[in-house]
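# Descriptive analysis of the structure
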Amino acid sequence: MDSGASRPVTAIYPGSFDPVTNGHLDLITRASNIFDKLVVAVAHNLEKDPLFTEKERVEMLETATFKWVNVEIDIFDGLLMDYARAKKASVIVRGIRAVSDYEYELQMALMNRRLAPELETIFLMPDGKYSFVSSRLVKEVFTLGGSIEGLVPQFVIDRLKARVPTNGH
Ligand code: PNS
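Heads up: these notes are all about the structure in this document. (Residues numbered from 1 in each chain as written. Predicted model: local features only at pLDDT ≥ 70, side-chain atom pairs only at ≥ 80, totals over all residues. Heavy atoms only, no water.)

### Description of the pattern of salt bridges
Under the definition given, this model contains 13 salt bridges. A salt bridge links Asp-101 to Arg-97; its shortest N-O distance comes to 3.0 Å. For Asp-101, a relative accessible area of 13% corresponds to the buried category. Residue classification places Arg-97 among the partly exposed residues on the basis of a relative accessible area of 35%. (Salt bridge = Lys/Arg side-chain N within 4 Å of Asp/Glu carboxyl O. Buried < 20%, exposed > 50% of the residue type's maximum accessible area, 1.4 Å probe, protein only.)

### What to know about the packing of helix α5 (residues 135-143) against helix α6 (residues 154-163)
Viewed as axis vectors pointing N to C, α5 and α6 meet at an angle of 55°, and their least axial separation amounts to 11 Å. In terms of their interaxial angle, α5 and α6 are classed as oblique. Here α5 and α6 pass one another in a crossing that is right-handed. Contacts between α5 and α6 involve Val-138, Lys-139 and Phe-142 from the first element and Ile-157, Leu-160 and Lys-161 from the second. By residue class, the composition of the contact of α5 with α6 is four nonpolar, no polar and two charged. (Axes fitted to C-alpha atoms, helices over the stretch in contact; angles between N-to-C directions. Helix = DSSP H or I, 4+ residues; strand = E, 2+ residues; numbered from the N terminus. Parallel < 35°, antiparallel > 145°, perpendicular 65-115°, else oblique. Left-handed = near helix turned anticlockwise from the far one by under 90°. Contact = heavy atoms within 4.5 Å. Nonpolar A, V, L, I, M, F, W, Y, C, P; charged D, E, K, R; others polar.)

### Observations concerning α5
Among the residues of α5, Ser-135, Val-138, Lys-139 and Phe-142 are the ones counted as buried. Each buried residue of α5 sits inside an arc of 95° when the element is viewed along its axis, so together they form one side. Check the buried side of α5 and you find it contacts α1 (22-34) and α6. Gly-145 sits one or two positions beyond α5 and adopts a positive phi of about 95°. (Arc of directions from axis to C-beta.)

### Re the sheet that holds strand β3 (residues 71-76)
Strand order across the open sheet formed by five strands is β3-β2-β1-β4-β5, with parallel pairing between neighbours. Edge positions in the sheet fall to β3 and β5 (120-124), since each of these pairs with one other strand and no more. If you compare each strand with its neighbour and ignore which way they point, the axes differ by 30° on average. Direction of pairing for strand β1 (residues 10-15) relative to strand β4 (residues 91-95): parallel, over a ladder of two bridges. Paired with Ile-12 across the bridge in β4 is Ile-92. Set on the sheet, helix α2 (residues 54-65) makes contact with β2 (37-43) and β3; between it and β3 the angle comes to about 175°. Against the sheet, helix α4 (residues 99-115) engages β4 and β5, with an angle of about 170° to β4. (Pairing = 2+ DSSP bridges.)

Note that every value here comes from positions in space, so none of it alone points to a role or purpose.
Encoded structure:
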């Protein structure tokens, strides 16, 4: 059997990243240490109403990940599995923070497996100190005047300050 051991492995880490958090960056660090190449793929067509445009989300990710030579930031449209095949990836990386993430992630992983059985979804856990951090909560807390220091990079806080009318910042 061909083990494929010498083939470089490309993994895709897809998501909304609206905006990137330190939890995402923790996961990017872990995944970039495991795989030869990691493509962080910003979803283009979201039913959600993003705060930042895809270009802004990409810029923030690029700023946050410039140190990692094997990390590429990209935008994808349509089915993730079509994109992953086009990128010649063999792994999808997703983060699981708590049991509550599991059900949604399992559904997506199994649907994706049905669409592309040759691709494997791998779940990584961020550091426990980020287990409660999500882009949604970061935006909510910031908008209501709470501190999000340590949960996102400082330049993301600066971008939020420029974008969001807040109580108390
Ligand atoms: O960060 P998110 O919002 O949880 O990421 C969800 C994302 C973008 C990974 C997911 O919605 C996705 O893959 N969308 C692309 C469209 C697609 O392939 N849908 C079928 C997934 S089973």
